[in-house]
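# Commentary on secondary and tertiary structure
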Amino acid sequence: MTTELLVIEGLSLEFTDRNGERRRPLAGIDIQVSTGELVGVAGESGSGKSLTALSILGLLPPLRDMTLSGSIRLLGRELIGLEGSAWQEVRGRQVAYIPQEPMNALNPTMRVGAQLTAVLRHRQGVSKSGAVQRGRALLESMSIRDPDRVWNAYPFELSGGMRQRVLIAMAFACEPRLVIADEPTTALDVTVQAQILTLLRERAADSGASVLFVSHDLAVLAELCRRLYVMYAGCVMEAGPTMEVLDAARHPYTRALLECRPTIARRGGALPVLRAGAPAPAGACAFVGRCAVADRRCADRPPWTDIAPRDLGGTVSGHRVACWLEQQA
Ligand SMILES: Nc1ncnc2c1ncn2[C@@H]1O[C@H](COP(=O)(O)OP(=O)(O)OP(=O)(O)O)[C@@H](O)[C@H]1O
Ligand code: SF4
Ligand SMILES: [Mg+2]
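Residues numbered from 1 in each chain as written. Chains lettered and ligands numbered in written order. Predicted model: local features only at pLDDT ≥ 70, side-chain atom pairs only at ≥ 80, totals over all residues.

## Structural notes on the overall build of the chain
Rule in force here: Think of it this way: any DSSP run of H or I at least four residues long counts as a helix, any run of E at least two long counts as a strand, and we number them from the N terminus. Computation of the radius of gyration draws on C-alpha atoms alone. For the globule rule, the value is 2.2 Å times the number of residues to the power 0.38. Neighbour counting defines burial: a residue surrounded by 20 or more other C-beta atoms within 10 Å of its own C-beta is buried, one with 12 or fewer is exposed, and intermediate counts give partly exposed, using backbone-placed C-beta atoms. It is the C-beta atoms, placed from the backbone, that decide contacts: two residues are in contact if theirs lie within 7 Å.
For the chain, the count of helices and strands is 10 helices and 12 strands. Its C-alpha radius of gyration of 21 Å places the chain within 12% of the 20 Å reference for a compact globule of 329 residues. In the chain, buried positions account for 40% of the 329 residues. Long-range contacts, defined as pairs at least 24 residues apart, comprise 62% of the intrachain contacts of the chain with a sequence gap of at least 6.

Right, here's the structure in full:
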């Protein structure tokens, strides 16, 4: 029996930029999320993390001559090509979204309680009194000391951490199967960030929802996610159990990222942006312009290689690397 909730295969996005150049910010992404799993997506700025997340939600920005290809299957249903009202069923009911800046997702003119009640009534069809009761219970489950004050407050009256708590409550209000969190703690200080991560983990465990957690912060991803995807220039470069990817990285890009920050050890710190390099020619390994160990084969895109971990008696753990160095020459 398959437990795959989300299966993304060969996801590619192309558009024409304002200079008339054809661009491909997503170039064949493969990501899978199982039921109840917490999965991380790491990558430096511009690697395509948000565009991947927004593709799953049908919320891509308007882009000139855009083509989205490949496959995004949620609970076996293909999302690419879905039309307007079908997205309403997916968003909120099956997939919820927690963005980095909660103000973008909250209505500034409505009190928190009214927003929570509206979401519950609209998406779940519960009665007004049922929605108030459930909304209050959700807020109380967010470790909020004074839920009455928050219930009656406008979003601007709350701190960033409190607004993010409200958004998490809203995300889980409709019992989604998948929660996509795009840098939800980046703007918060470290203590609040830790509290928010704990709440996210607890709500996911209570509800059985899966979480796709996008971040450039390896420490946060190591803390929260069982599996990790490392993206670079619209491609997944390495994937596998988080600790294995971080402690035994195989891809030159992942290794370079980890080696750049020796003082923060293997698990620490935000992803630095590596030195600039020439953009990769079409069809080549996306990292070729910055890779110190490239060879002739790198003019073609490398296939995935499964890595057998040392400590599991050769059982494939799902640790995979897209690099020619892993292939027999
Ligand atoms: N609305 C847009 N119009 C044009 N280009 C865009 C747009 N949104 C994203 N891009 C481009 O697509 C690429 C991937 O963007 P994306 O926002 O997915 O990166 P990201 O990994 O989320 O980065 P960050 O860590 O900075 O949030 C970038 O090169 C970006 O410039
Ligand atoms: S495939 Fe080649 S260019 Fe790409 S990371 Fe591996 S060695 Fe470097
Ligand atoms: Mg982003």
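## Some remarks on the confidence of the model for the chain
Let me state the cut-off plainly: Note: pLDDT gives the predictor's confidence per residue, expressed from 0 to 100.
Residues of the chain with pLDDT of at least 70 account for 91%, and the chain-wide mean is 89. The low-confidence segment residues 262-268, where pLDDT is below 50, has 11 contacts with residues more than four positions distant or belonging to other chains.

## Observations concerning the pairing of strand 10 (residues 235-241)
We apply this condition: Here, any two strands with at least 2 DSSP bridges between them count as paired.
The buried fraction of strand 10 amounts to six of the seven residues, a majority that puts the element mostly inside the structure. Across six bridges, the pairing between strand 9 (residues 227-232) and strand 10 is antiparallel. Of the residues in strand 10, the one forming a bridge with Leu228 is Gly240. In this structure, strand 10 lies alongside strand 12 (residues 320-322), joined through two bridges in antiparallel fashion. Looking at the pairing, Glu238 lines up with Val321 of strand 12.

## So, helix 3 (residues 112-124)
What counts here: Helices are assigned an expected span. That span is 1.5 Å times one less than the residue count.
Here helix 3 is 13 residues long and its end C-alpha atoms lie 18 Å apart, about the 18 Å a rise of 1.5 Å per residue gives. Along helix 3, the residues that are buried comprise Val112, Gly113, Gln115, Leu116, Thr117, Val119 and Leu120. Looking at the buried positions of helix 3, the neighbouring elements they touch are helix 4 (128-140), helix 5 (147-152) and helix 6 (160-173). Looking one or two places after helix 3, you find Gly125, whose phi comes out positive at around 65 degrees.

## Considering the sheet that holds strand 11 (residues 304-306)
Each strand in a sheet pairs with its neighbour through backbone hydrogen bonds, running either in the same direction (parallel) or in the opposite one (antiparallel). To be explicit about the condition: To obtain an axis, a line is fitted to C-alpha atoms, over the contacting stretch when the element is a helix, and the angle between two such axes runs from 0 to 180 degrees between their N-to-C directions.
The strand order across the open sheet formed by eight strands is 6-7-8-3-9-10-12-11, and the pairing between neighbours is mixed. For this open sheet the edge positions go to strand 6 (95-98) and strand 11, each flanked by a neighbour on one side alone. Taken over all neighbouring pairs, the strand axes of this sheet differ in orientation by 20 degrees on average, direction set aside. As paired elements, strand 3 (residues 38-42) and strand 8 (residues 210-215) share five bridges and run parallel to each other.

## Brief notes about the packing of helix 6 against helix 7 (residues 190-207)
The condition that has to hold: The cut-offs work like this: below 35 degrees is roughly parallel, past 145 is roughly antiparallel, 65 to 115 is roughly perpendicular, and the gaps in between are oblique. When residue character is reported, Ala, Val, Leu, Ile, Met, Phe, Trp, Tyr, Cys and Pro are called nonpolar, Asp, Glu, Lys and Arg charged, and the others, Gly included, polar.
In the contact formed by helix 6 and helix 7, the axes pass within 10 Å of each other and the chain directions differ by 10 degrees. One way to sum up the angle between helix 6 and helix 7 is to call them roughly parallel. Judged by residue contacts, Gly161, Gln164, Arg165, Ile168 and Phe172 of helix 6 engage Val192, Gln195, Ile196, Leu199, Leu200, Arg203 and Ser207 from helix 7. For the contact of helix 6 with helix 7, the class distribution of residues is six nonpolar, four polar and two charged.

## Observations regarding the sheet that holds strand 1 (residues 4-16)
Strands sit in the order 2-1-4-5 across an open sheet of four strands; the sheet is antiparallel. Two strands lie at the open edges of the sheet, namely strand 2 (22-34) and strand 5 (77-78), each paired on one side alone. The pairing of strand 1 with strand 4 (residues 67-74) spans seven bridges and is antiparallel. Counted as the bridge partner of Val7 is Arg73 from strand 4.

## Examining the site of ligand 1
Put simply, the test is: Residues are classed as near a molecule or strand if the C-beta position derived from their backbone is within 6 Å of it.
Every residue lining ligand 1 is accounted for by Pro25, Gly43, Ser45, Gly46, Ser47, Gly48, Lys49, Ser50, Leu51, Pro61, Leu63 and His216. No other element matches the three residues that helix 1 (residues 49-57) contributes to the shell around ligand 1. The residue inventory of the shell around ligand 1, partitioned by class, reads four nonpolar, seven polar and one charged.

## Remarks on the packing of helix 3 against helix 4
Selection rule: By definition, any crossing whose near helix is turned counterclockwise from its far helix by less than a right angle is left-handed, and any crossing with a clockwise turn is right-handed.
Direction vectors running N to C along helix 3 and helix 4 enclose 120 degrees, while the axes themselves pass 8 Å from each other. What the angle tells us is that helix 3 and helix 4 run oblique. The crossing of helix 3 and helix 4 is right-handed. Across the interface between the two elements, Gly113, Leu116, Thr117, Leu120 and Arg121 of helix 3 pack against Lys128, Ala131, Val132, Arg134, Gly135, Leu138 and Leu139 of helix 4. When grouped by side-chain class, the residues that make up the contact of helix 3 with helix 4 number six nonpolar, three polar and three charged.

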